[in-house]
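# Coordinate analysis (summary)
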Amino acid sequence: MSKIFFLQRTLKLMCAVMLGCICLFPPADAMAAGKNGTMAPFDQTVTGTVRDNANGNPLSGATIMIKGTSKSTTSDANGAFSISVPGGNSVLVITYIGYEAQEITVGSRTSVSISMMPSATELSEVVMVGYGSQRKKDVTGAVKSVRAEAFNKGIVNTPQQLLQGKVSGVNVTSATGEPGATQGITIRGPGGVRTGNTPLFVIDGFPLDNASTGSGDPLNFLNTADIESIDVLKDASATAIYGTRGANGVIIITTKKGKAGTAKLALNSSVGFSQIARKINVLSAADFRSNVPKVGGVLDDGGASTDWLDVITRNAITQNHNLTMSGGSDKLTYFASFGMQKQEGIIKGNSLDRYTGRFNVTQRLFDDKLTLEANMTYSATNNRRPSALNGIIGDALTNNPTYKAVDANGNFIGYNSFNNPLLNIALDKEVSDINRILGNITATLKLTKNLSYKLNFGIDNSTSTRDVEALPYLVPVRLGRLENNYYVNRNRLVENYLTYNLTSGQHSFSALAGHSYQKIFIQTRWSSISGFPVTNLDPIYNPGLGTTLTLADNRPGGTAIENELQSFFGRLNYSYAGKYLLTVNFRADGSSKFGENNKYAYLPSFSAGWKISDEAFMKNSFFSNLKLRAGWGITGNQEIPSRISKALFNPGTGTSYPLGSGPYPSGLVYTRTENPNIQWETSSQTDVGLEFSLFGGKLTGTIDWFNKVSNNILLRVLPPDPVAPTTYYWNNFKDMKITNKGLELELEYTQKASKGIGYNIGANATFIKNNVSGSPSSVIPSGSAQGSGLTGATINGYINGQPIGTFFLKEWTGVNASGISTFRDLDGDNAITDNDRVAAGTALPNVLYSFYGGVNYKGFDLSVNFNGVSGNKVYDNTANSNFYKLKLSKNVNVTPEAIALTAESVNNSAPVSTRYLYDAAYLRLNNMSLGYTFNTAKLGISKYVSSMRLSVTGQNLFVITKYKGFDPEVNVDRAIDDAFSYGVDYLSYPKARTFIIGLNLTF
């Protein structure tokens, strides 16, 4: 209870600090009066124009601010501006994105002409590198920064979707079309079997926990419209500063902040229209009627013609509205946003509503010696879905198309011979509500000219409920049931660190040393009750109407986990003559997840860079930037289940202690053997990269070669003692390795506006090879098959000499004279057994690629983004379990491919085999957007509306693939004993094609 009070007091304190920053330290213009309360003796009006120095084109939207105050204005569509200044000594500061800032003393002038110099973006850009930032030209690790203007466009629920196809080496998998569903993301390939492969996410300096917050993707809470930039740290030299959480890469998200100048109010609104993008082609009613007798079945003709997939899907509408307010002075800046997204899924009964609020304030005090910054984000997410989505999709694909779904009054019809999916949509409901607050406050104190201290204190608190209800019904007979789930996830962070900077002659040093403590508490509780009467009241509103509450069917339960991480970290940057660079990182992590004998991990990294373009011999070269860098480091992966080093005792079913006379007290079963030697998985990575830019920065690119080797792999295995009382334990296997080796390429050409036309075109590609070696098992099974007759069958396997996600299957060779399937007899023993399985490909692509482009002409702009993969396969468990001749003979619908082999017997079985393994390569037009920015001055509204843009965006416009399922980018979780599966498609939620109309206004 004291912990709860502590959190409440902390949240109140953070709110008080933010309000106090505004109330106690007002903006500079509130202090603009003289010491005696009098204004400056006179005002002077200055007019002027802002133009591009290279081509003379006017720059619309440039900010012109009087230095030392918050008074400012912006240039109009013709680059013109007018501002009143308090005297000739006033200094104007002119800024524009992509250009070098300028300062001009007014003097006696009443008119000025300003020519802005384009900045060498790839050199001056600042990137986040963990506990600080660096100029991109000084970074020695593999780091990629993506700004908001380059993000993917469309309906985007999570930050991962913003990055798809934008960064080489990053594989983002939207494995389902369901709104808010978990997004898969890996950086430079997966490196674990039973440990998480998701990168560490850091939002405004706060490292998140990847644990679920109850439903959907853990990052759904973040309004993507609030994100300013995303920095991806890929190699060990960049991620080692995060220690045992850096093996999978690090993604640093920086949200938008206020800027000194005129207060701005912006409204961005859009409405989207979605429909199913690709259907699975099953037999129509006419084809069904003609083919059932052909396979020896007796047609059950309902006399109708129904497309059951059309019955369960709809044209969905999504609304997205965001309001932002920002501004401030030199000493205080603020940013506030409010967002609402209401998204309908394309399957009926499915929706995701999200409401977000965010506030950020920065206050500088005591001659800028102290800087206070506070961030707070609140989100409320409501997710509604039919609880039996897989069953609904399966029914829609396989139901007899000659039967009606609804009667003449539009009411769904119940059948005893098969299931009407509309009944499940109406009666089976899952409702999740998540409330989450993420806040942190930082204080940076400049102790001396070169030394500063920073405190970072933050809280991430989420609570959620998930109610699953099955309403009672008469035809067919259903007994009602209600399940209640409650989740709590609390994450507290305290960090203290010192930064020292020194420049002496041609030597530049920067040193960082700090301490971090993070505590995470996760709790889950569940209960259930069944036997509800048929009423108009849903069980969720009165669980007491249930009549059955037995421990056999409705036993309540719960879990509680507390993880702690204490860390000491440091970094040293050294530069000689601005062109020879060295970076050293070190972190010591102590985690409660590790065994008693291995509490701390010690993880170093080293990297160096050489700015070749700064050498004298490159003075007349056509390279504006040429940098060679190389790095090596060790990172860890502590994304393992909590407390697995401890022994585990579970309540036993049917066990008791025979003490005294009955009833006897319940007993416990010794399930897991302790292992105090459990430690982190380690990943050593070598990276060599070349960065270049030519033609004054118009053509930029990078080339990276990397070799990442993960070892000390953690596995769940049988106890070594054959008479051990437990069924399993966890252990590290030092000789087992998972290697990811590859090459990354990025290239972009940008031509800024000349005679009204500007354009850019770019591409990136990743060539990667994954390999497993040293496994103690010949095969670690994964990917359990699902469906009638497939129980116990496996699809994937972790196999020595093969990539993760390898499909380990019997090789189907056709049918024999009797129409029965034949398989390759690998061992030649004339019997088809598991010994005849072959490695038939992998679900991991070996090539990831993307290309994109944009063009702007006057007020028009057009952008397109393509992405694709190749070298991977997908297993169609949907077809395996549903589409074969025997099913059709029983009046169950199938695809044309299922009956295409005329020689096949109707009695032929459909075991797991390569028959259902398909090429999963694809090329997708991810999004395309066309926009027009209006000249508000010509419209006569510039006094009230400084900017107005109308856009039309298409998302998932087409995909080119050989796969016959809904979409080749799919991965249904079919893990076995926590061993991750890959590339399995089983009744997955179809993806949508969406068209969006948007309007952006700035006041």
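Along each chain, residues carry numbers from 1 onward, in the same order as the chain's sequence is written. Thresholds applied to this predicted model are a pLDDT of at least 70 for local features of residues and 80 or more for the giving and counting of side-chain atom pairs; totals over whole chains, interfaces and linings are not thresholded and use all residues. Side-chain descriptors were evaluated using all non-hydrogen atoms of the structure, hydrogens and water having been removed beforehand.

- Looking up the protein chain in an unreviewed UniProt entry gives the name TonB-dependent receptor, with the organism given as Sediminibacterium roseum.
- UniProt positions are given in the numbering used here, feature names are shortened, and annotations may be inferred rather than shown by experiment. The heading Sequence similarities (unreviewed entry) in the UniProt record of the protein chain holds the text "Belongs to the TonB-dependent receptor family."
- Recorded in UniProt for the protein chain, the comment headed Subcellular location (unreviewed entry) runs: "Cell outer membrane".

### Quick look at the overall build of the protein chain
- Within the protein chain one finds 12 helices and 49 strands.
- C-alpha atoms of the protein chain, sized along the principal axes, occupy 100 × 70 × 65 Å.
- Relative accessible area decides the class of each residue, using a 1.4 Å probe on protein chains only: under 20% of the type maximum gives buried, over 50% gives exposed, and in between gives partly exposed. In the protein chain, which comprises 1003 residues, the proportion classed as buried is 52%.
- Here, residues are in contact when the closest pair of their heavy atoms is within 4.5 Å. Put simply, of all contacts in the protein chain between residues at least 6 apart along the chain, 70% involve residues at least 24 apart. Helical segments are the DSSP runs of H or I of at least four residues, strand segments are the runs of E of at least two, and each set is numbered from the N terminus.

### Digging into the UniProt feature "domain: TonB-dependent receptor plug" (unreviewed entry) in the protein chain
- UniProt tags residues 136–250 as "domain: TonB-dependent receptor plug" (unreviewed entry).
- For the annotated span residues 136–250, helix accounts for 8% and strand for 23% of the residues, and the straight-line distance between the end C-alpha atoms is 17 Å.

### Digging into helix α7 (residues 389–398)
- α7 sits mainly inside the fold: 8 of its 10 residues count as buried.
- Every buried residue belonging to α7 is among Leu389, Ile392, Ile393, Gly394, Asp395, Ala396, Leu397 and Thr398, and all of these are buried.
- The elements touched by buried residues of α7 are α6 (308–312), β21 (370–385), α8 (421–427) and α10 (877–882).

### Digging into the sheet that holds strand β48 (residues 984–985)
- With mixed pairing, 3 strands are arranged side by side in an open sheet as β45-β44-β48. Edge positions in the sheet fall to β45 (917–919) and β48, since each of these pairs with one other strand and no more.
- Two strands make a pair as long as DSSP finds a minimum of two bridges between them. Inspection of the sheet shows strand β44 (residues 873–876) paired to β45 by 3 bridges, in the antiparallel sense. Counterpart to Val874 in the pairing with β45 is Tyr918.

### Quick word on the nonpolar core
- Counting 64 residues, the largest nonpolar core has Val193, Ile795, Tyr875, Leu888 and Val912 as the members making the most contacts within it.
- Only α6, α7, α8, β33 (699–717), β34 (729–754), β37 (794–798), β38 (806–810) and β41 (837–842) provide two or more residues apiece to this core.
- A total of 5 residues in this core trace back to one element, the largest contributor, which is α7.
- Not counting residues within four places of it along the chain, the set of residues in contact with Leu888 comprises Leu283, Phe288, Asn291, Val292, Val295, Val894 and Ile899.
- Among buried residues, those of type Ala, Val, Leu, Ile, Met, Phe, Trp, Tyr and Cys that are joined through side-chain atoms within 4.5 Å constitute a nonpolar core. Ranked by size, the runner-up nonpolar core spans 24 residues in total, among them Val156, Leu163, Leu222 and Leu493.

### Considering a nonpolar patch on the surface
- On the surface, Tyr576, Tyr580, Trp610, Phe617, Leu628, Val688, Ile703, Trp705, Leu743, Leu745 and Phe767 cluster together to form a nonpolar patch covering roughly 920 Å² of accessible area.
- Secondary-structure elements contributing two or more residues to the nonpolar patch are β33 and β34.
- The class of Tyr576 is partly exposed, set by a relative accessible area of 31%. Put simply, a patch holds well-exposed residues, over 30% relative accessible area, that have no salt bridge, with like charges counted together within 9 Å and Val, Leu, Ile, Met, Phe, Trp or Tyr side chains within 5 Å. All accessible areas in this document rest on Shrake-Rupley with a 1.4 Å probe, and a residue is counted as covered only by the protein chains that are shown. When a carboxyl oxygen of Asp or Glu lies within 4 Å of a side-chain nitrogen of Lys or Arg, that pair is called a salt bridge.

### Digging into the pattern of salt bridges
- On inspection of all chains with the given rule, the structure shows 39 salt bridges.
- In this structure, the salt-bridge partner of Glu430 is Arg385, at a minimum N-O distance of 3.2 Å. Of this pair, Glu430 sits in strand β22 (residues 428–446) while Arg385 sits in strand β21, and the two are 45 residues apart along the sequence.
- With a relative accessible area of 18%, Arg385 lands in the buried category.
- Three or more residues joined by partner-sharing salt bridges are found here, namely Arg188, Lys234, Lys627, Arg629, Asp687, Glu691, Asp704 and Glu744.

### Focus: the packing of aromatic side chains
- Ring geometry is summarised as follows: Phe, Tyr and Trp rings, the Trp one being its six-membered ring, pair when their centres sit within 6.5 Å, and such pairs are stacked at plane angles under 30 degrees, edge-to-face over 60 and tilted between the two. For the coordinates displayed, the defined rule picks out 23 aromatic pairs.
- Here the aromatic rings of Tyr415 and Phe418 are separated by 4.7 Å at their centres, their planes lie at 25°, and the arrangement is stacked. Neither Tyr415 nor Phe418 differs from the other in exposure class; each is buried.
- Pairing Phe851 with Phe866 gives two aromatic rings, centres 4.7 Å apart and planes at 15°, and the pair type is stacked. Here Phe851, found in strand β42 (residues 847–857), pairs with Phe866, found in strand β43 (residues 860–870); they are 15 residues apart in sequence, far enough to count as distant.
- The class for Phe851 is partly exposed, based on a relative accessible area of 34%.
- We classify Phe866 as buried; its relative accessible area is 18%.
- Of the aromatic side chains, those joined through ring pairs into one cluster are Tyr131, Tyr242, Tyr497 and Phe569.
- Charges are assigned to positions over rings by a cutoff of 6 Å between ring centre and Lys NZ or Arg CZ, combined with an angular limit of 35 degrees from the ring normal. Its end group placed over the ring of Tyr852, Lys166 keeps NZ or CZ at 5.2 Å from the ring centre.

### A closer look at the sheet that holds strand β3 (residues 72–74)
- Judged by pairing direction, the sheet is antiparallel, and its 4 strands sit side by side in the order β3-β2-β5-β6 without closing on themselves. Because the sheet does not close on itself, it has two edges, and the strands there are β3 and β6 (102–105). Ignoring strand direction, the axes of neighbouring strands in this sheet form an average angle of 20°. To get an axis, a line is fitted to the C-alpha atoms, and for a helix only the part in contact is used. The angle between two axes follows their N-to-C directions and goes from 0 to 180 degrees.

### Focus: the side chain of Ser237
- Note on placement: Ser237 falls in helix α4 (residues 236–239).
- For Ser237, a relative accessible area of 5% translates into the label buried.
- Definition of a polar contact: a pair of N or O atoms within 3.5 Å, with one able to donate and the other able to accept a hydrogen when the atoms are protein atoms, and with sequence-neighbouring residues admitted only if both atoms are side-chain atoms. A polar side-chain atom of Ser237 sits 2.5 Å from a polar atom in the side chain of Asp235.
- If we ignore the near neighbours within four places in the chain, the residues touching Ser237 are Thr140, Gly141, Asn585, Ser605, Phe606, Ser607 and Gly631.

### Considering the environment of Lys646
- Along the polypeptide, Lys646 turns up in the loop between β29 (623–637) and β30 (648–656).
- The spatial distance from the C-alpha of Lys646 to the C-alpha of Gln134 is 42 Å, given a sequence separation of 512 residues.
- Discounting chain neighbours no more than four positions away, the residues touching Lys646 are Glu596, Arg672, Thr673 and Glu674.

### Let's talk about unusual backbone geometry
- Even without being a glycine, Ala577 presents a positive backbone phi close to 60°.
- If you trace the backbone, Ala577 turns up in the loop between β26 (557–576) and β27 (580–591).
- You can call Ala577 partly exposed: its relative accessible area is 29%.
- Of note, the phi angle at Arg643 is positive, near 65°, even though the residue is not glycine.
- Inspection of the secondary structure assignment puts Arg643 in the loop between β29 and β30.
- The exposure class assigned to Arg643 is partly exposed, which follows from its relative accessible area of 34%.

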